[in-house]
Amino acid sequence: MEFIDLKAQYHALKEEIDAGISRVVEDAGFIMGKQVAEFEEKLAAYVGAKYAVGCSSGTDALQLIYMAHGIGSGDAVFCPDMTFVASVEPAYMLGAEPVFCDIDPDSYNICPDSLERQIKAVTAQGKLRPKAVVAVDFIGNPADYDRLREITDRYGLLLIEDAAQGMGASYHGRKCGALGDIGATSFFPSKPLGCYGDGGAVFTDSEEMNDLLKSLRVHGKGSSKYDNVRVGMNARLDTIQAAVMLPKLRRLDEEIARRQEIAGRYDEALKDKFVIPHICDGTVSSYAQYALLAGDRKRRDEVRAKLQEAGIPTIIYYPNPMHCMKVFAGCFTGEETFENTVSYADRTFSIPFSAYLTGEDQERIIDVLLSV
Ligand SMILES: *Cc1c(COP(=O)(O)O)cnc(C)c1O
């Protein structure tokens, strides 16, 4: 059984995807071909942002955002303790310091109270300048943007949305990706909107920012590629990837609806035995992952072993809180104990999930989980 059935999705969309790839190859428009602009326009409209800037990965999307805002030495970037390293890795590389915040025990997203404690602790310490908050739509669940916005406004911080896992999700009727001052997403193949390699995008409503990002993604170009006005990157989105995603984007809302049905079936069957995902009122999750919590680490590991015996793959998103990672040793942690993050990391496991999960496979997974 597949953990995420990318092959089933390909077979459902094969004709359109194959034709799209062929067209790029026939036209030989591999770099910045017309499908890139078409995809950017459709993606921006889908998300509800004025501009989408396609780029080479979610990590590079975040790096472009940090570079465009001049984030670097002496800046504190606040980030949930439970996320993928790329949420803050580029900021750290640019010289800024990540300051981790505990997660909410129900939504698993950044806890606004912990965020506020960390902002105050950084300010009291006086070494770093509070600069930006990265809100991650963790495993597809939108963060608490109303409260985060209130805090970032109060402290004058930039609100960055890391919607790498949140494409297709929404918060009070607004799509993830366009919920912060600026947003990033990833098209890594297993994400809710995935391509056939690496890819990503930045979302902004500002024309000036759009121009700056487009310069940064091509070596800091000025009026042309060979007129360089700033230090930039080679961070373009491949035309083939844009062509692969055009038909996938057309199908995204349909897939998100399917994901709700499949998650609902898991919820109903498993709610008495595990902690099921908590989706806040007024929000729709993209269910980038369907994560359950077991009672404790030992029970979690037993359940995973049983599933593995039955040929059912599971993955832990993620086994290590950020503040425990060697790469971040020595970063400011304040007084936080990160107890919710630690508990989550000990207890979580994700089970096979996609819009193409068959009823039979789902029943088999549920049977094994209930028999443990
Ligand atoms: C996947 C992911 C990224 C990075 O995306 P890549 O395309 O793999 O570089 C960043 N943040 C989060 C939360 C992610 O899940």
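Residues numbered from 1 in each chain as written. Predicted model: local features only at pLDDT ≥ 70, side-chain atom pairs only at ≥ 80, totals over all residues. Heavy atoms only, no water.

(A) Geometry of the layout of surface pockets. Each pocket or cavity is described by its volume, and for the largest pocket that value is around 380 Å³. Lining the largest pocket are 25 residues, and of these Phe 84, Ser 186, Phe 188, Lys 191 and Tyr 318 sit closest to its centre. For the lining of the largest pocket, the secondary-structure elements that each account for two or more residues are helix H3 (58-68) and strand E8 (182-186). In this structure, the second largest pocket encloses a volume near 170 Å³. (1 Å grid on protein atoms, 1.4 Å probe; cavity = no way out; pocket = protein on both sides within 12 Å on 5 of 7 lines; lining within 4 Å. Points joined across faces, edges and corners; volume = space filled by probe spheres on them. Helix = DSSP H or I, 4+ residues; strand = E, 2+ residues; numbered from the N terminus.)

(B) Looking closely at the sheet that holds strand E9 (residues 200-204). Strand order across the open sheet formed by seven strands is E1-E9-E8-E5-E4-E2-E3, with mixed pairing between neighbours. Across the chains shown, the open sheet's two edge strands, defined by having one partner strand only, are strand E1 (51-55) and strand E3 (97-101). The mean angle between the axes of side-by-side strands here comes to 25 degrees, regardless of whether they run parallel or antiparallel. Relative to E8, strand E5 (residues 158-162) runs parallel, the two sharing three bridges. Note that in E8 the partner of Glu 161 across the bridge is Gly 183. Packed onto the sheet, H3 meets E1, strand E2 (75-80), strand E4 (129-136), E5, E8 and E9 and runs at close to 160 degrees relative to E8. Across the sheet, helix H7 (residues 207-216) lies against E1, E8 and E9, angled at about 10 degrees from E1, the strand it touches most. (Pairing = 2+ DSSP bridges. Axes fitted to C-alpha atoms, helices over the stretch in contact; angles between N-to-C directions. Contact = heavy atoms within 4.5 Å.)

(C) Representation of the site of the ligand within the structure. In the vicinity of the ligand there are 17 residues, among which Thr 59, Asp 162, Gln 165, Ser 186 and Lys 191 approach most closely. Contact between the ligand and Asp 162: a nitrogen atom at 2.7 Å from a side-chain N or O atom of the residue. Contact with the protein chains hides 93% of the accessible area of the ligand, taken as 380 Å² for the molecule alone. Of all the cavities here, the one that holds the ligand is the largest pocket. In terms of residue count, the dominant contributor to the shell around the ligand is H3 (three residues). In the shell around the ligand, the residues fall into seven nonpolar, eight polar and two charged. (Near = heavy atom within 4 Å. Polar contact = N/O pair within 3.5 Å; in protein donor to acceptor, adjacent residues only side chain to side chain. Areas by Shrake-Rupley, 256 points an atom, 1.4 Å probe, with all protein chains shown as cover. Sits in = over half its atoms within 2 Å of the grid points. Nonpolar A, V, L, I, M, F, W, Y, C, P; charged D, E, K, R; others polar.)

By themselves these figures say nothing about function.
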